[in-house]
Amino acid sequence: MKNNDLDWWLDLVPDAALVVGQDQMVVAANARADAMFGAPQGALRSRALEVLIPEASRQAHRQHVAGFFRQQTCRAMGSGLRLQGQRLDGQLRPMDIMLNRIQVANQELTMVVIRDDSERVAMVKLGDELAATTARLARAQEVGGLGWWEYDSDGQRLIWSPMVPAILGVPEEVEPSLALVAEQCHQDDRPHLRALHQNLMKAPGTCLTYRIRRPDGELRWIRETIDHGTGNRVLGVMRDITTEKTLEDRLRAESTIDDLTGLYNRKQFNRDLKSRYADYTRLNRNTSMIMYDFDHFKNINDCHGHLMGDNVLRQAAEIVAGQLRASDNAYRLGGEEFAIIIGNTGPGDARKLAERVRSSVEAARFRLGDSIVRATVSLGISQFRASDTNFEDIFRRADEAVYQSKSASRNTVRVVA
Ligand SMILES: Nc1nc2c(ncn2[C@@H]2O[C@H](COP(=O)(O)OP(=O)(O)OP(=O)(O)O)[C@@H](O)[C@H]2O)c(=O)[nH]1
């Protein structure tokens, strides 16, 4: 090939191409090469090749080129490496470079064909990031006990994430099937789950908690939320909530507070009464106890509904709590039965407090929506006695006193000291 053929020939190359002499000067460059390196047309010619190479790679590049001229080969440069070229504005670009020996007018030259590798590098990076995100997400789902399934009503096809079989305790390769979930579901919860599955297309927005029995016999609590998938698809998110549920049950069992009224519960009442009895036997410090029970409470439920009944219990508890001193404690013993333990108080003070409780409940107007209800309570008072053999004796007498109030006229106070 002759020198003047070189430009014509380079223009035929579909990629950016340069021809470089052994002195590493650019002998010729096509328009694509100029554009790739951000040079005005023809500006690359007669430049040192090194201006197109990032500073950090120049040393390695010199050795590479020297080696190349010793071997008579055509090869990809730096295969396996991420090569970068430097544009004249200093910007670095990933590049794929092919070297080829050519002879022009008896000169040994190198033809350098360059492809901009940015897109491929960006795709590889994106792929790596996607793989990392997918792995993180899978791990998060595993840690959180979270699985998902998607049902396509057009193709009647179900797919699920690997966490679903893991939650169900079946092999990962098991064919996705909602019938399998229903089969494992606890028999008491199964009708609800089946109803949900039969109406999947109307289910988005639904949340269901159910139990499953895994093949290894383990019972698991699942909370399933249904949402819209893409197109005609329904998405189900299954969460294994066994740990939370167990904790919740334990906390409830350990709790000393009544959920409805916020007063202490029966468990705390027994503890406190026992401790007061110990004070009485050791220090001769007496305690009074008031017990009270709503009158004809069944009528309130029957006439105004259970919600109103709950509301009366809640509001009355607030009213009563407002009557107490810091040393008094109020309890809900169960149902519509309540108690107050009063420290260091004689029967006279206990009676005054009981009367205040009675009259404030009687005076209250219990409201729920537009409804207003009135209620009364029957109260009984008792104290520890020297003949008592355990802490429950005072309780039995207070109960007896309530019974006497009910038998008298209700809405009254009786004492069985
Ligand atoms: N709303 C509501 N009702 C309750 C709750 N606990 C118990 N009850 C109701 O309280 C009513 C108690 O009824 P009974 O034991 O017959 O007593 P009563 O109707 O109050 O009649 P007397 O005690 O004889 O005055 C029942 O209808 C129970 O269902 C509760 O937490 N909320």
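Quick notes on the rules
- Residues numbered from 1 in each chain as written.
- Predicted model: local features only at pLDDT ≥ 70, side-chain atom pairs only at ≥ 80, totals over all residues.
- Heavy atoms only, no water.
- Near = heavy atom within 4 Å.
- Polar contact = N/O pair within 3.5 Å; in protein donor to acceptor, adjacent residues only side chain to side chain.
- Areas by Shrake-Rupley, 256 points an atom, 1.4 Å probe, with all protein chains shown as cover.
- Helix = DSSP H or I, 4+ residues; strand = E, 2+ residues; numbered from the N terminus.
- Contact = heavy atoms within 4.5 Å.
- Buried < 20%, exposed > 50% of the residue type's maximum accessible area, 1.4 Å probe, protein only.
- Pairing = 2+ DSSP bridges.
- Axes fitted to C-alpha atoms, helices over the stretch in contact; angles between N-to-C directions.

Draft legend 1. How the structure looks around the site of the ligand. Among the 16 residues in the neighbourhood of the ligand, the closest are listed as His296, Phe297, Asp310, Arg332 and Lys406. Between the ligand and the protein, one listed contact pairs an oxygen atom with a backbone N or O atom of Phe297 at 2.6 Å. Note that an oxygen atom of the ligand is positioned 2.8 Å from one of the side-chain N or O atoms of Lys406. For the ligand, whose accessible area on its own is 660 Å², the fraction buried by protein is 66%. Contributions of two or more residues to the shell around the ligand are made by β12 (287-294), α10 (297-304) and α11 (306-321).

Draft legend 2. Representation of the environment of Leu235. By secondary structure assignment, the location of Leu235 is in strand β11 (residues 233-240). In the structure, Leu235 is positioned 77 residues away from Leu158 in sequence and 9.9 Å away in space, judged by C-alpha atoms. Excluding anything up to four places from it in sequence, Leu235 contacts Trp148, Trp149, Glu150, Thr225, Ile226, Asp227, His228 and Gly229.

Draft legend 3. Summary view of the pairing of β11. Burial along β11 is one-sided: Val234, Gly236, Met238 and Asp240 are buried, and none of Arg233, Leu235, Val237 and Arg239, which face the opposite way, are. Across seven bridges, the pairing between strand β7 (residues 146-152) and β11 is antiparallel. Looking across to β11, one finds that Leu146 is bridged to Arg239. As paired strands, strand β10 (residues 219-228) and β11 are joined by seven bridges and run antiparallel to one another.

Draft legend 4. Broad picture of the sheet that holds strand β18 (residues 413-415). Strand order in the open sheet made by the five strands is β13-β14-β12-β17-β18, with mixed pairing throughout. The sheet is open, and its two edges are formed by β13 (329-334) and β18, each paired on a single side. Here the average twist between neighbouring strands, direction ignored, is 20 degrees. Sheet topology places strand β17 (residues 377-383) next to β18; three bridges connect them, and they run parallel. Across the sheet, residue Gly380 finds its bridge partner in β18, namely Arg414.

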